[in-house]
Amino acid sequence: MNTKKKITAIAAAAPQQVAAHDAGDISLHASRLSLALEGKNILRDISFSLPAQGINVLIGPSGAGKSTLLRCLNMLHTQWQGDLQIMGRDVRKWPDSEDGLRRTIGLIAQKPTLFPCSIQQNIVFGLSRKDRNHMPENRIKKVLKQAALWDEVKNRLHDQAATLSVGQQQRLCIARALMLSPNMLLLDEPTASLDPRSRQFIEASLLELSENMPVLCVTHDIEQAKRLGGKIIFMCDGRLIESGDSKLFFKHPNRIESREFLRWSVCDCS
Ligand SMILES: Nc1ncnc2c1ncn2[C@@H]1O[C@H](COP(=O)(O)OP(=O)(O)O)[C@@H](O)[C@H]1O
Ligand SMILES: [Mg+2]
């Protein structure tokens, strides 16, 4: 092959090589992430990685920077410093930029945000018109089952989403995120304002989903973090204080800040 042909072949192969980039067992790697907002350091030198599957819990007191960190991971905040690799790719060089990244990473907010239309229309909302028109019903059923909502809505898919309880609405948001076939799911205190039954459904659903993809769930609820298990990341005052196996963390926290938080649910490091 002459040089020109070789270069063309390499260029043509490049996107695929990037797509198939072998990140090994790591789905996300953040290195020295820092962010200042309005002159205040909100995130300070945060480094951690997430495995390719499994549940990860980001815990810390209110104001620790948990939501801000999630927003950096899917580029809702872009002005951070440091290095962030997702699926082995630098997020700043993501092929179809932030939209593509947000399809890869589903983000569920604390309060369910639905559109004023039917349950089914909400589920397919993020899809292209073509995909919406050719959406097989079993796909809708699958994501609703994964979100532990199918049994409650199977006979009322055309009802307005607003007629659902808040707990059901949150599960609908999870189903909608799953419809885009994300590679990773981020959730920001997804059960903070829900009844215990909905909380139980969502925790079970997250554990099941995490068998096939990495799930990062933010909570300030120590009992919820214990139930979810997996890997824990403890943050306080914009810093990552301690991370590792959840069971070990709760049994033998290494840092004084962790012990204080586990005892009082607050931390005095600011
Ligand atoms: N857009 C913003 N501008 C300035 N400060 C912000 C902004 N967003 C969040 N903060 C501050 O960053 C800190 C961390 O907030 P947040 O990430 O919401 O914490 P958490 O989710 O752990 O409760 C808080 O002190 C908050 O007031
Ligand atoms: Mg928050």
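This structure is a prediction, so every number in the text was calculated from the model and none was measured. (Residues numbered from 1 in each chain as written. Chains lettered and ligands numbered in written order. Predicted model: local features only at pLDDT ≥ 70, side-chain atom pairs only at ≥ 80, totals over all residues.)

**Student:** I keep staring at the overall build of the protein and nothing clicks. Help me out?
**Tutor:** Across its full length, the protein holds 12 helices and 10 strands. Scaling as 2.2 N^0.38, a compact globule of 270 residues should have a C-alpha radius of gyration of about 18 Å, and the protein matches this with 20 Å. Projected onto its principal axes, the C-alpha coordinates of the protein cover approximately 60 × 60 × 35 Å. Buried residues in the protein amount to 36% of all 270 residues. (Helix = DSSP H or I, 4+ residues; strand = E, 2+ residues; numbered from the N terminus. Rg over C-alpha atoms; globule rule 2.2 N^0.38 Å. Buried ≥ 20, exposed ≤ 12 C-beta atoms within 10 Å, placed from the backbone.)

**Student:** Any chance you could explain the site of ligand 1 here in plain terms?
**Tutor:** Taken together, Leu37, Glu38, Lys40, Ile42, Gly60, Ser62, Gly63, Ala64, Gly65, Lys66, Ser67 and Thr68 are the residues near ligand 1. Those elements that place two or more of their residues in the shell around ligand 1 are strand S2 (40-51) and helix H2 (66-73). The element contributing the most residues to the shell around ligand 1 is H2, with three residues. The residue makeup of the shell around ligand 1, split by class, is three nonpolar, six polar and three charged. (Near = placed C-beta within 6 Å. Nonpolar A, V, L, I, M, F, W, Y, C, P; charged D, E, K, R; others polar.)

**Student:** Looking at this structure, how should I read the pairing of S2?
**Tutor:** Side chains on a regular strand alternate between the two faces of the sheet. Sheet topology places strand S1 (residues 26-37) next to S2; eight bridges connect them, and they run antiparallel. What sits directly across from Leu37, in S2, is Lys40. Joining the antiparallel neighbours S1 and S2 is a turn of two residues, in which Glu38 adopts a positive phi near 50°. (Pairing = 2+ DSSP bridges.)

**Student:** How should the packing of helix H6 (residues 137-146) against helix H8 (residues 166-179) be read in this particular structure?
**Tutor:** Relative orientation and spacing of two packed helices are given, respectively, by the angle between their axes and the distance between those axes. Packing of H6 against H8 brings their axes to within 8 Å, and their N-to-C directions diverge by 130°. Considering their axes alone, H6 and H8 lie oblique with respect to each other. Where H6 crosses over H8, the two elements pack in a sense that is right-handed. Between H6 and H8, the residues in contact are Val143, Leu144 and Gln146 and Ala175, Leu178 and Met179, respectively. Its residues placed into classes, the contact of H6 with H8 shows five nonpolar, one polar and no charged. (Axes fitted to C-alpha atoms, helices over the stretch in contact; angles between N-to-C directions. Parallel < 35°, antiparallel > 145°, perpendicular 65-115°, else oblique. Left-handed = near helix turned anticlockwise from the far one by under 90°. Contact = placed C-beta atoms within 7 Å.)

**Student:** Hey, could you run me through the pairing of S1 in this one?
**Tutor:** Sheet topology note: the S1/strand S4 (residues 81-86) ladder contains five bridges and is antiparallel. Residue pairing for S4: Leu28 is matched across the bridge by Ile86.

**Student:** Whenever I open this one, H6 confuses me. Can you help?
**Tutor:** Residues spaced three or four apart along an α-helix point in a common direction, a consequence of the helix completing one turn every 3.6 residues. Listed as buried for H6 are Ile140, Val143 and Leu144. Axial view of H6: buried residues confined to an arc of 100°, hence all on one face. Along its buried surface, H6 packs onto helix H4 (119-123), helix H7 (150-153) and H8. With its phi angle positive at about 55°, Ala148 sits one or two positions after the end of H6. (Arc of directions from axis to C-beta.)

**Student:** Whenever I open this one, the sheet that holds S1 confuses me. Can you help?
**Tutor:** Pairing in this open sheet of four strands is antiparallel, and the strands run S2-S1-S4-S5 from one edge to the other. Since the sheet does not close on itself, it has two edges, and those belong to S2 and strand S5 (89-90), each with one partner. Sitting on the sheet, H2 is in contact with S1, S2 and S4, with an inclination near 65° to S2.

**Student:** Can you walk me through the sheet that holds strand S10 (residues 239-245) in this structure?
**Tutor:** One key point about sheets: their strands pair by backbone hydrogen bonds, in either a parallel or an antiparallel sense. Within the open sheet, the six strands sit side by side as S6-S7-S8-S3-S9-S10. Their pairing is mixed. Of all strands in the sheet, those bounded by a partner on one side alone are strand S6 (105-108) and S10. Neighbour-to-neighbour, the strand axes of the sheet open up by a mean angle of 15°, direction not taken into account. Note: strand S3 (residues 54-59) against strand S8 (residues 214-219), six bridges, orientation parallel. From the neighbouring strand, Ile55 faces S8, where its bridge partner is Val215. Lying on the sheet, helix H9 (residues 196-209) is in contact with S3, strand S7 (184-188) and S8; it crosses S8 at an angle near 150°.

**Student:** So what exactly am I meant to see when it comes to the packing of H8 against H9 here?
**Tutor:** Two elements in contact, H8 and H9, have axes whose closest approach is 9 Å; the angle formed by their N-to-C orientations is 15°. As the angle between them shows, H8 and H9 are arranged roughly parallel. Handedness of the crossing formed by H8 with H9: right-handed. Across the interface between the two elements, Gly167, Gln170, Arg171 and Ile174 of H8 pack against Arg197, Ser198, Phe201, Ile202 and Ser205 of H9. Considered class by class, the residues forming the contact of H8 with H9 number three nonpolar, four polar and two charged.

**Student:** Is there a simple way to think about H2 in this case?
**Tutor:** When we look at burial in H2, the residues that qualify are Lys66, Leu69, Leu70, Cys72 and Leu73. Buried positions in H2, seen along its axis, are confined to an arc of 160° and lie on one side of it. Positive backbone phi, approximately 65°, marks Met75, located one or two places after H2.

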